[in-house]
Amino acid sequence: AIFGANNTTFAGVAASGVNIQRDGVMVNDVRWPTGVNAATRVNPDMVGEFRMVLAPVDAEIGRGNAQIQIVTRAGTNDFHGGVVWNVQNTALDPNTWENNRNGVSPPWRNMHQYSGFVGGPIVKNKTFFFALFEGQLNKIRTEYNALTLTPCARRGVYRFWDRWNNSNALYVPSAASAGAADPLINTVDRSGNPFKPLWEPGAENWGVTPYTGELRYASVFGEIANLDTLLDDCSNVQFTGTWDPNRTGPDPSGYIDDFLTRLPPVNNYDIGDGLNTAGSRWARTLKGADNLFGVGEDTYRRQINVRVDHNFNDRHRVSGSWSWEKDWSDDSFANWPDGFGGKNIRRPMVLSANFVSSISPTLINEFKFGMSRTGTNVESPLTNPETGSQLEELLAQFGT
């Protein structure tokens with residue numbers, strides 16, 4: 001099921017309207033229209049009975065067609081148990097047909113799913129239990145290209161070609177872009193070397209009037225005194241005078257120096273404006289992925305499920321089940337290798353209780369109580385329990 005799945009139907013009913021019951025209690029995740037989706041993950045080993053009701057149902061169930069009914073597994077007079085460990089990763093999983101056809105490698109992933117369950121009698125023929133613990137570890141790795149400053153820009157030196165606006169090495173200029181109100185052109189090659197425009201800006205000049213401008217240098221600290229000997233990375237830049245008496249040199253607090261130390265170095269010119277900003281491509285590893293809806297993404301997860309059944313006598317019996325789940329994953333992903341990111345945290349829970357009395361051969365009374373809880377907490381980098389204290393110390397260091 002996915003967000004916006006209302007266009008999908010089940011027994012003629014929109015997916016968000018399908019009634020999902022567990023042990024007689026509705027457990028739909030009703031906050032978002034995510035389709036057929038329960039509050040907590042339903043492990044196959046905890047299912048004792050699964051029914052899909054497509055035709056009209058009894059009035060006691062309610063909501064008409066489209067019912068999915070789950071009865072959790074109960075213990076018996078014999079002890080039974082099992083352990084499952086499932087590994088999925090790029091080395092073992094096959095690639096998709098479409099990726100193979102286009103020569104695309106699958107994204108890196110390493111996921112472990114593990115569970116263990118046990119069920120049996122507490123008191124034979126009287127009281128029974130069933131318990132299941134489940135967990136999941138999921139790491140994914142994707143390529144990310146972060147925007148960063150070029151070596152000259154790190155030193156407060158900004159560059160541009162006369163009469164043109166900067167763009168990166170992948171930009172393809174045209175007469176239309178040259179004739180725009182802010183004429184744009186690629187200003188560097190793939191290695192970051194300044195690339196002199198061939199033509200003057202203006203649609204009528206494209207391919208006709210050779211370019212006569214120069215590469216200009218400017219600084220926030222003052223006039224550059226050694227333009228003739230300035231190195232490509234501006235490491236030997238010298239300033240004379242100042243444009244602003246309040247800014248005669250770098251920030252004395254050390255905040256900007258610390259920022260530049262953390263700023264990743266340029267390793268490509270595929271993004272940014274080429275001359276002053278460029279890219280730093282790196283492999284970003286994430287601990288799971290999630291969304292506000294808890295659907296369709298693999299997270300870090302731990303879940304415990306417990307069911308207890310008790311027979312008072314041949315006519316009266318009671319049962320109760322409880323599931324508690326903890327899901328967490330990275331969110332607001334870090335842009336830099338040593339950067340700070342946020343976190344998604346969910347704590348769904350399902351609780352149900354049933355008391356059934358056989359009053360007579362033709363009369364049964366059943367009492368049901370249930371509670372289903374969902375929700376998501378999105379932690380910012382500052383409130384993320386894994387990185388928040390470190391970020392607070394860093395900000396406090398500079399009085400921020």
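That block above? That's the structure.
Cut-off values and rules
- Residues numbered from 1 in each chain as written.
- Predicted model: local features only at pLDDT ≥ 70, side-chain atom pairs only at ≥ 80, totals over all residues.
- Heavy atoms only, no water.
- Pairing = 2+ DSSP bridges.
- Helix = DSSP H or I, 4+ residues; strand = E, 2+ residues; numbered from the N terminus.
- Contact = heavy atoms within 4.5 Å.
- Buried < 20%, exposed > 50% of the residue type's maximum accessible area, 1.4 Å probe, protein only.
- Polar contact = N/O pair within 3.5 Å; in protein donor to acceptor, adjacent residues only side chain to side chain.
- Disulfide = S-S within 2.5 Å.
- Phe/Tyr/Trp six-rings, centres within 6.5 Å; stacked < 30°, edge-to-face > 60°.
- Lys NZ or Arg CZ within 6 Å of the ring centre and 35° of its normal.

A. Broad picture of the sheet that holds strand 5 (residues 47–53). The mixed open sheet is built from four strands, whose spatial order is 4-3-6-5. The sheet terminates laterally at strand 4 (25–26) and strand 5, the two strands that pair on one side only. Alignment of strand 3 (residues 19–22) against strand 6 (residues 67–72), held across four bridges, turns out to be parallel. Looking at strand 6, one finds that I20 is bridged to I68.

B. Inspection of the side chain of T150 at higher detail. Its location among the elements puts T150 in the loop between strand 9 (127–149) and helix 2 (151–154). Sequence-distant contacts of T150, defined by excluding residues within four places in its chain, comprise R159, V266, Y269, G274, L275, N276, T277 and A278.

C. Spatial organisation of the environment of T72. Mapped onto the secondary structure, T72 falls in strand 6. Among the residues examined, T72 registers a relative accessible area of 7% and is labelled buried. Setting aside chain neighbours within four positions, we find T72 in contact with R22, D23, M46, G48, R307 and S321. A distance of 2.8 Å separates the side chain of T72 from the side chain of D23, its partner in a polar contact.

D. Seen up close, the state of the cysteines. Evaluation of the coordinates by the stated rule reveals one disulfide. In this model C152 forms its disulfide with C234; the gap between the sulfur atoms is 1.9 Å. Handedness of the C152-C234 disulfide follows from its S-S torsion of about 80°: it is right-handed. Residue C152 is located in helix 2, and its partner C234 is located in the loop between strand 14 (223–224) and strand 15 (239–240); the two are separated by 82 residues in the primary sequence. Residue C152 is classed as buried on the basis of its relative accessible area, which comes to 1%.

E. Representation of the environment of A66 within the structure. With respect to the secondary-structure elements, A66 resides in the loop between strand 5 and strand 6. Each C-alpha atom of the pair A66 and D314 lies 34 Å from the other, and the pair is 248 residues apart in sequence. Among residues more than four places away in sequence, those in contact with A66 are F10, A11, V13, V18, N19, V53 and L54.

F. Quick look at the packing of aromatic side chains. Within the structure shown, the criterion is met by eight aromatic pairs. A ring pair is formed by Y300 and W328, whose centres lie 5.6 Å apart and whose planes are at 55°; its orientation type is tilted. You can see Y300 sitting in strand 17 (residues 300–311) and its partner W328 sitting in strand 18 (residues 316–331), a full 28 residues away along the chain. Both residues of the pair, Y300 and W328, count as buried. Geometry around Y144 places R284 over its ring, the cationic atom sitting 4.1 Å from the centre. Directly above the ring of W328 sits K326, whose terminal nitrogen or CZ lies 5.2 Å from the centroid.

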